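Spelled out from the first residue to the last, the chains are:
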Amino acid sequence: MPRKSTAPGGLAVGILNALKRTGGLWFGWGGETTQHEPGEPDIHIRAGVTYATIELRQVEYELYYNGYANNLLWPLFHYFLRDMRYSAEERDAYENVNRIFAQRLLPLLQPQDLVWVHDYHLIPLGRLLRESGLRQPIGFFLHIPFPNIEMLRVLPAYAELLRDLTHYDVVGFQTENDLRAFHSGIEHLFGHEAIRADNRIRVGDRLLHADVFPIGVDVEAIQSQATAAMQTDVVKRMVDSLMSRALMVGVDRLDYSKGLVERFNAYQQFLETYPENRGHITYIQIAPLSRTDVRAYANMRQALEQVAGRTNGRFGDTDWTPIRYLNRNFPHTTLLGFLRAANVGIVTPLRDGMNLVAKEFVAAQDPDNPGVLILSTLAGAARELSTALLVNPYDTRTVSHAMQAALEMPLPERRERHTAMLEVLRRNDLSAWARRFIDALEQSAGMQAHVRVAG
Ligand code: GDG
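Residues numbered from 1 in each chain as written. Predicted model: local features only at pLDDT ≥ 70, side-chain atom pairs only at ≥ 80, totals over all residues. Heavy atoms only, no water.

This brings us to helix α3 (residues 88-105). The end-to-end C-alpha separation of α3 is 26 Å, in line with the 26 Å expected for 18 residues at 1.5 Å each. Residues of α3 that are buried include every one of Glu90, Ala93, Tyr94, Val97, Asn98, Ile100, Phe101, Ala102, Arg104 and Leu105, and no others. On its buried face, α3 sits against β1 (24-34), β3 (49-57), α2 (58-77), α4 (125-131) and β15 (451-454). (Helix = DSSP H or I, 4+ residues; strand = E, 2+ residues; numbered from the N terminus. Expected span 1.5 Å × (residues − 1). Buried < 20%, exposed > 50% of the residue type's maximum accessible area, 1.4 Å probe, protein only. Contact = heavy atoms within 4.5 Å.)

With that out of the way, let us pick up the site of the ligand. As a matter of local geometry, the ligand sits amid 27 residues, with His143, Asn329, Phe330, Asp352 and Glu360 nearest to it. Here an oxygen atom of the ligand sits 2.8 Å away from a polar atom, N or O, in the main chain of methionine 354. Within the backbone of leucine 356, an N or O atom sits 2.7 Å from an oxygen atom of the ligand. When isolated, the ligand has an accessible area of 730 Å², and the protein chains bury 96% of it. Those elements that provide at least two residues to the shell around the ligand are α1 (10-22), α12 (332-341) and α13 (356-364). Its residues assigned to classes, the shell around the ligand shows 14 nonpolar, eight polar and five charged. Of the domains in this structure, domain 1 (10-216 + 431-454) and domain 2 (219-427) are the two that each give at least three residues to the shell around the ligand. (Near = heavy atom within 4 Å. Polar contact = N/O pair within 3.5 Å; in protein donor to acceptor, adjacent residues only side chain to side chain. Areas by Shrake-Rupley, 256 points an atom, 1.4 Å probe, with all protein chains shown as cover. Nonpolar A, V, L, I, M, F, W, Y, C, P; charged D, E, K, R; others polar. Domains from an automatic or database assignment.)

Let us look at the domain arrangement of the chain. Here the domain parsing of the chain yields domain 1 (10-216 + 431-454) and domain 2 (219-427). Computed over C-alpha atoms, the centres of domain 1 and domain 2 are 31 Å apart. Facing 24 residues of domain 1, the contacting portion of domain 2 comprises 22 residues. Carbon and sulfur atoms supply 61% of the area that domain 1 and domain 2 bury against each other, a total of about 1800 Å² over both sides. Of all residues in domain 1, the largest losses of buried area upon contact with domain 2 belong to Trp74, Phe80 and Ile215, amounting jointly to 26% of the total for that side. The interface formed by domain 1 and domain 2 includes zero salt bridges. Counting across the interface, domain 1 meets domain 2 through three residue pairs in polar contact (both at pLDDT 80 or more). Looking at the side of domain 1 that touches domain 2, the elements that each hand over two or more residues are α1, α2 and α7 (176-190). (Buried area = accessible area lost by both parts, 1.4 Å probe. Salt bridge = Lys/Arg side-chain N within 4 Å of Asp/Glu carboxyl O.)

What describes two packed helices is the angle between their axes and the distance between those same axes. Close contact between helix α10 (residues 260-273) and helix α14 (residues 396-408) brings their axes to 8 Å; oriented N to C, the two are set at 65°. Relative to α14, α10 is oriented so that their crossing is right-handed. Only Thr396, Arg397, Val399, Ser400, His401, Met403, Gln404 and Leu407 of α14 make contact with α10, whose side of the interface consists of Glu262, Arg263, Asn265, Ala266, Tyr267, Gln269, Phe270 and Thr273. For the contact of α10 with α14, the residue count by class is six nonpolar, seven polar and three charged. (Axes fitted to C-alpha atoms, helices over the stretch in contact; angles between N-to-C directions. Left-handed = near helix turned anticlockwise from the far one by under 90°.)

With that settled, the discussion passes to the pattern of salt bridges. For the coordinates displayed, the defined rule picks out 22 salt bridges. The partner of aspartate 255 in a salt bridge is arginine 291, with the nearest N and O atoms 3.3 Å apart. Of this pair, aspartate 255 sits in the loop between β9 (246-251) and α10 while arginine 291 sits in the loop between β10 (281-286) and α11 (295-315), and the two are 36 residues apart along the sequence. Relative accessible area serves as the criterion here: at 0%, aspartate 255 is assigned to the buried category. Using a relative accessible area of 15% as the deciding quantity, one classes arginine 291 as buried. Between aspartate 352 and lysine 258 there is a salt bridge, with the nearest N and O atoms lying 2.9 Å from each other. With aspartate 352 in the loop between β12 (344-347) and α13 and lysine 258 in the loop between β9 and α10, this pair connects stretches of sequence that are 94 residues apart. Sharing partners across several salt bridges, the network here consists of Glu95, Arg99, Arg127, Glu131 and Asp164.

Right, let's get into the packing of aromatic side chains. Each aromatic ring pair is specified by the distance between its two centres and by the angle formed by the two planes. Following the criterion strictly, the structure yields 26 aromatic pairs and no others. When the centroid spacing of 5.5 Å and the interplanar angle of 75° are considered together, the rings of phenylalanine 77 and phenylalanine 146 count as edge-to-face. You can see phenylalanine 77 sitting in helix α2 and its partner phenylalanine 146 sitting in the loop between β5 (138-141) and α5 (149-152), a full 69 residues away along the chain. Accessibility assignment for this pair places phenylalanine 77 and phenylalanine 146 in one class, buried. With a centroid separation of 4.3 Å and an interplanar angle of 5°, the aromatic rings of tryptophan 116 and phenylalanine 437 are classed as stacked. Of this pair, tryptophan 116 sits in strand β4 (residues 114-118) while phenylalanine 437 is found in helix α16 (residues 430-443), placing the two residues 321 residues apart along the sequence. By relative accessible area, tryptophan 116 is classed as buried at 2%. (Phe/Tyr/Trp six-rings, centres within 6.5 Å; stacked < 30°, edge-to-face > 60°.)

With parallel pairing, the six strands of this open sheet are ordered in space as β11-β10-β9-β12-β13-β14. Only two strands of the sheet have a single neighbouring strand rather than two, namely β11 (323-326) and β14 (389-391). For this sheet, the mean angle separating the axes of adjacent strands, direction not counted, is 20°. Along the sheet face, α10 touches β9, β10, β11 and β12 and points at about 175° away from the line of β10. (Pairing = 2+ DSSP bridges.)

When you tally the buried positions in strand β8 (residues 206-212), you get five out of seven residues, the bulk of the element. In terms of strand pairing, strand β6 (residues 170-173) meets β8 through four bridges, oriented parallel. The residue of β8 that forms the bridge with valine 170 is histidine 209. Direction of pairing for strand β7 (residues 200-203) relative to β8: antiparallel, over a ladder of four bridges. The partner of isoleucine 201 across the bridge, within β8, is leucine 208. In sequence, β7 turns back onto β8 through a hairpin of two residues, with glycine 204 there showing a positive phi of about 60°.

Printed below as a string of structure tokens:
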């Protein structure tokens, strides 16, 4: 569970909402560090969910969280080799912290519980739980992309990582691409015959179900929250401040994978190429700080401040600021209000497992007068949201043209594109996603049970 002070990422937003419906136990790092050996989990109950959170020792926070998880696995899985750093000490910490997690989680589990492990910080957890004698089904869902074997092989412990994944009963990915990449690793390690036609993988005496489970959003809740948010002071003040200018909005955790530098450059190009828009559009970029202790993030932050400053310095006027760039965390419902108010939603990650903001933007629109989504082909969401304006985020010239096309798009076309996307979102919303995964997990053991979540 994230600290209150940090921006909630997609993982927390997605699973917490799903868990509130099924009930169950959430187990994970509470976001606090300590100088001592972490004690017993802190347990509290809220809205039908039991939260069991543990602390990390400061040194483990450095080596495990900042180090192995966010300085190695995150960049590697997003194909950013330049930002990746490997250290054997960090690898030991990754194993150790997962072992502590397994030890602390075990006593909280009941025999009929299903266990659903989330994301790259916890890949070894399934094996460690099994080694401690846990028998019930354990599933794993990867929120970020999975790299092809040619990329994964860069990791010294790539074989162990792949083997760890085979200890789960169900392994879920966001897209077909990620599943195929996983297959490439399995094939490399265990041979082609390990992959069976029915999405099962056989390794030794274990049979696991590896499949695609694209995460969704709660469409109805977003629609009503976004509509209500339009009446709040903070959203009204923002809308008034536009003085009838068009609005483009981006909402991203401040992360190099989100393509913000390229996006800012594209916006600058757009103002150059289409000067008639100067003074008539405002671009609000909300980018709450994340992982501030990781060096690659500090470098990117500096680059962004430079481009934003340059654009505002060059094109701005006494009564117009082209980019409003905010490193602030807003309440989620306020963000939904901003998204609804926008004529253009801009989501251009260089690589992204799914990207919930793209889906939230679509769900938040007024169906009678929807805004236009510009979406990167390198976001998992592009597979489902195929009627967005799809762009390659590195191609800043094309992105700048897409901004113009979005602003000029006639209402019937906007509606048509939006209706198609909304339909896709409704078909595979957040509860459908969680249900499908849990069904797969239950089938793996033919049992009905409570859900326990480690995230
Ligand atoms: C990972 C994967 C995958 C953003 N700023 C604020 C805020 N947010 C919310 C957004 C959205 C969530 O955080 C971000 O989700 P994303 O999917 O866009 O990105 P990641 O954090 O990288 O999430 C991603 C996701 O997991 C789920 O599987 O889609 O690919 O990288 O809901 O609205 N929320 C609040 N204040 C903010 O300032 N309250």
